[in-house]
Amino acid sequence: MRTRRHAFTLVELLVVIAIIGILIALLLPAVQSAREAARRMQCANNLKQLSLAVHNYASSYGTFPAGHLSGLKSQTSNSSWCLPNTDFRGPPWSVAILPFIEQTTIYDRFDFDKPFSAQDNAYLPEEPNSTISKQPLVALQCPSDVNVAGTSGASYRGVQGGGDTPACGGGAEKPYRVLYLNGTLYHNSATRFAEIRDGTSNVFLIGESCYTGNGMTWASSHKTTAWALPFMLAAAYLPINSIDADDAGYDYTSATFGSFHPGGCQFAFADGSVHFMPETVDQSIYQQLAVRNDSKPVGGWTE
């Protein structure tokens, strides 16, 4: 008797491979979506911890930390006060809160009598601050931010304010390098809770930014040697995600917020809560939420 061999025909094999391919194609977006949801949750937790650190700083010192400290005095009557000068560059808010995010060891290594660098010490190579600022700090990095992974870059910026008219800027040559004084963390700020008259639940404190300047670190101070640029601060000036992160460079780091999360970015508000702000939000509302005392938006804000 002849015995029959059982095997797949070529057509059957191709059909099975096609079915498996279809199933993988269907599952892959779901897996990616689940991973992004986890990354977004971790990012929200980072913002929560940073906002709590700012609150604990305020409990200890009576005010929020300065957005960045500087020897340069702001002049509200002069719209070019932040342009080229040789003022002392002090630490940004991200350095001031280190003891409150369990990073006292790093904080104690800084020499606060020496300047802090603007761009990876290209302008201010003084030790020891230059070496310390090159160390990656995961607490200031969003897991979805591909630009900072494995670097000393930061995914979060203090909110220095917002509106159509900055307090000072880079002028006609650098129009998107802007400084504001109407937010919660800004140039030489010392904001008290009582000064957030719009209510802490209606005012931004810290926001996401995917705009990482060349050589910028989480300990970068401001740059005034060639047009103004506060590296660890940003403002609600341009719409969220309105600039391509790969093409922005550091000319746009202070002009808006954005992220690699689809559809918008997350903000920690002054009350410590964290909310996702869609990039389709009305521009006027977005700018108003960045201002601490303009009595807007009327009726508050809800997600």
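Let us look at the structure shown here. (Residues numbered from 1 in each chain as written. Predicted model: local features only at pLDDT ≥ 70, side-chain atom pairs only at ≥ 80, totals over all residues. Heavy atoms only, no water.)

1. Re the overall build of the chain
Piece 1. Scanning the chain from terminus to terminus reveals 5 helices and 11 strands.
Piece 2. In the chain, which comprises 303 residues, the proportion classed as buried is 49%.
Piece 3. A separation of at least 24 residues holds for 69% of the contacts in the chain among residues at least 6 apart in sequence. (Helix = DSSP H or I, 4+ residues; strand = E, 2+ residues; numbered from the N terminus. Buried < 20%, exposed > 50% of the residue type's maximum accessible area, 1.4 Å probe, protein only. Contact = heavy atoms within 4.5 Å.)

2. Focus: the packing of aromatic side chains
Piece 1. Evaluation of the coordinates by the stated rule reveals 15 aromatic pairs.
Piece 2. Residues F110 and F116 carry aromatic rings whose centres are separated by 5.1 Å and whose planes lie at 35° to one another, so their mutual orientation is tilted.
Piece 3. One aromatic cluster is present, built from ring pairs that chain together Y107, F110, F112, F116 and W218. (Phe/Tyr/Trp six-rings, centres within 6.5 Å; stacked < 30°, edge-to-face > 60°.)

3. A closer look at the state of the cysteines
A disulfide bridge is the covalent bond that connects two cysteines by way of their sulfur atoms.
Piece 1. Counted according to the given criterion, the structure contains 1 disulfide.
Piece 2. Paired by a disulfide, C82 and C168 hold their sulfur atoms 2.1 Å apart. Taking the sign of the S-S torsion, about -95° here, the bridge from C82 to C168 comes out left-handed. Of this pair, C82 sits in the loop between β1 (68–70) and β2 (89–92) while C168 sits in strand β4 (residues 168–170), and the two are 86 residues apart along the sequence. (Disulfide = S-S within 2.5 Å.)

4. Looking at the nonpolar core
Piece 1. Grouped together as the largest cluster of nonpolar side chains are 35 residues, with contacts concentrated most on W93, L98, F110, L140, Y156, I206 and W218.
Piece 2. When residues of this core are traced back to their parent elements, those giving at least two are α1 (10–61), α2 (93–96) and β6 (204–208).
Piece 3. The biggest single contributor to this core is α1, with 6 residues. (Core = buried A, V, L, I, M, F, W, Y, C linked by side-chain atoms within 4.5 Å.)

5. Things to note about the layout of surface pockets
Piece 1. There is about 210 Å³ of room inside the largest pocket.
Piece 2. Forming the boundary of the largest pocket are 17 residues, of which Y57, P65, L69, A96 and Y107 lie nearest the centre.
Piece 3. Mapped onto the lining of the largest pocket, the elements with two or more residues apiece are α1, β2 and α2.
Piece 4. Here the lining of the largest pocket is built from residues that sort into 15 nonpolar, 2 polar and no charged. (1 Å grid on protein atoms, 1.4 Å probe; cavity = no way out; pocket = protein on both sides within 12 Å on 5 of 7 lines; lining within 4 Å. Points joined across faces, edges and corners; volume = space filled by probe spheres on them. Nonpolar A, V, L, I, M, F, W, Y, C, P; charged D, E, K, R; others polar.)

6. Let's talk about the sheet that holds strand β3 (residues 156–162)
Adjacent strands of a sheet form backbone hydrogen bonds with each other and so pair up, either parallel or antiparallel.
Piece 1. Taken together, the 5 strands give an open sheet; going across it, the order is β9-β3-β6-β10-β11, and neighbouring strands pair in mixed fashion. On the outer flanks of this sheet lie β9 (233–236) and β11 (274–278), each paired with one strand and no other. Across the sheet, the mean angle separating the axes of adjacent strands is 40° when strand polarity is ignored.
Piece 2. As judged from the 3 bridges shared by β3 and β9, these two strands associate in the parallel manner. Bridging from a neighbouring strand, G158 pairs with L233 of β9. (Pairing = 2+ DSSP bridges. Axes fitted to C-alpha atoms, helices over the stretch in contact; angles between N-to-C directions.)

7. So, empty space enclosed by the protein
Using a probe with the size of a water molecule, rolled over the atoms, empty space left in the structure can be pinpointed.
Piece 1. Overall, the coordinates contain 1 cavity of 30 Å³ or more when judged by the stated rule.
Piece 2. Its volume calculated, the largest cavity comes out at about 40 Å³.
Piece 3. Lining the largest cavity, in full, are C142, D145, S155, E208, S209, C210, G258, S259 and F260.
Piece 4. Taken together, the residues of the lining of the largest cavity break down into 3 nonpolar, 4 polar and 2 charged.

8. Focus: unusual backbone geometry
Piece 1. The omega torsion across K296 and P297 is -5°, close enough to zero to call that bond cis.
Piece 2. In this model, E102 sits at a positive phi of 60°, which is unusual for a non-glycine residue.
Piece 3. We classify E102 as exposed; its relative accessible area is 76%.
Piece 4. Of note in this structure, N241 is not a glycine but carries a positive phi near 60°.
Piece 5. Inspection of the secondary structure assignment puts N241 in the loop between β9 and β10 (264–269).

In short, geometric facts, not functional conclusions.
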